[in-house]
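Observations on chain architecture
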Amino acid sequence: MDLKTGLNSPVLADHLPTALPAAVMTFTTPTSFPSPGLCLNTTKKIPLPGKVEEVRATGWLDLMMASSPTRKRQIKDVVNDTQADDLDLQYHNWMVDYPSALTSFETITDLAGSKRLALFLDYDGTLSPIVDNPANALMSDEMRAAVRHVASLFPTAIISGRSRDKVFDFVKLNELYYAGSHGMDIMGPVRKTADSNGVECIRSTDSQGKEVNLFQPASEFLPMITEVYEKLDESVKDIVGARMEDNKFCVSVHYRNVAEEDYKKVFQRVTAVLEDYPCLRLTHGRKVFEVRPVIDWNKGKAVEFLLESLGLNESEDVLPIYVGDDRTDEDAFKVLKASNRGFGILVSSIPKESDAFYSLRDPAEVMDFLRKLAAWKEQST
Ligand SMILES: [Mg+2]
């Protein structure tokens, strides 16, 4: 999907809305995932001794320093008007490539036309502000009402790095589908198509007694994740500001409250623990390290899985939109971009390279966008 755009007049390339190919499912089924037992028996270690460690640590440290700061930090860092103007200019230049989904709203609705929209929403930094304590990342009542409204009009799912239970406790809406642990814990509708692609689900019921499908491709890794959580917790407990979070199929080590001079210590402690777990990998988000199983599954795969579960994957008459702010959301942006059947919206108040097509500055703009989508749908039906 090529996006040719000017600052105020984004133009979608001609082939965009009309050339969406037939959906191609590319699930990697649970049967092809590495067995945790097999991984534990391997002697392969993450090579971190001596200079190699320094090089790796330097690369990670750059990443840690560059990781998006919280809004509070950004404001604090703007020390004078000239710098503020420079930042504004950089942002506006960046928006040439990633136009605002609000100012491009008509383009988006033209593209949607009579297609069925499917909405996929990240949680942290998208529906809720990034805050110092992740446990306090509450969404506002206004945002909840906006999400409830769009969910009454379009199939809507939340896809978060948090555990599914935790993100449900934040969102508290039964109208949605939820994928926690970066898509490794999905509660979705009972599949409308025959169980294909070898994807194995567990039939269950939700809190309302409604029949649902549970899909947990990394369930074999649960004991290992529990074990590594305890080791990491022990390892970083003396680093002031480091905060652990158990997200069921993945573990987060937050360092947004750690002094910068201790960043290297955080990295070294985390990687030292992971030396014994070649089946686990380390990824990096907004001031957070995330440890998760090495399986071919991510938020992009979760989007494909949910589309298929909703019976929307085979239809060219569907426009999936994914809204997210983080590096892990790029997997979903990439899936939509590669299949040329929808697009991502990056939530960011600073310029970032992305596979999204549009941007929104912050959760407040996300709420405006959701409200506009709902109003457009209601006016057009
Ligand atoms: Mg996020």
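Residues numbered from 1 in each chain as written. Predicted model: local features only at pLDDT ≥ 70, side-chain atom pairs only at ≥ 80, totals over all residues.

**Focus on unusual backbone geometry**
Stated precisely, the cut-off is as follows: In this text, helices come from DSSP runs of H or I with a minimum length of four residues, and strands from runs of E with a minimum of two, each type numbered from the N-terminal end. Any residue whose C-beta has 12 or fewer other C-beta atoms within 10 Å is treated as exposed, any with 20 or more as buried, and any in between as partly exposed, C-beta atoms being built from the backbone.
Phi is positive for His182, close to 55°, though the residue is something other than glycine. You can see His182 is positioned in the loop between β5 (177–180) and β6 (185–189). Non-glycine residue Lys248 carries a positive phi angle of around 70°. Relative to the elements of secondary structure, Lys248 occurs in the loop between β9 (243–246) and β10 (251–254). C-beta crowding within 10 Å serves as the criterion here: with 21 such atoms nearby, Lys248 is assigned to the buried category.

**A look at the nonpolar core**
We count it as follows: Nonpolar core, as used here: buried Ala, Val, Leu, Ile, Met, Phe, Trp, Tyr and Cys residues forming one set through C-beta atoms within 7 Å. Placing a C-beta atom from the backbone of each residue, one calls two residues in contact when those atoms lie within 7 Å.
Phe120, Ala157, Ile158, Tyr178, Val303 and Leu306 are the most contacted members of the largest nonpolar core, which totals 61 residues. Not counting the four nearest positions on each side in its chain, Phe120 is found in contact with Ala157, Ile159, Val303, Pro320, Tyr322 and Ala332. Within the second largest apolar cluster, 31 residues are counted, among which are Met64, Val266, Val288 and Val291.

**A few points about the pairing of strand β13 (residues 318–324)**
Note the following rule: Any two strands between which DSSP finds at least two bridges are classified as paired. A crossover gets the label right-handed when its path from the first strand over the helix to the second runs clockwise, viewed with the strands pointing away from the viewer.
Within β13, 7 of the 7 residues are buried, leaving the element largely enclosed by the surrounding structure. Here β13 shows a buried face lined by Val318, Pro320, Tyr322 and Gly324 and a second buried face lined by Leu319, Ile321 and Val323. Looking at chain direction, strand β3 (residues 116–121) and β13 are connected through 6 bridges and run parallel. By the bridge assignment, Arg116 is partnered in β13 with Val318. For the crossover that starts at β13, traverses helix α12 (residues 330–339) and ends in the parallel strand β14 (residues 343–347), the hand is right-handed.

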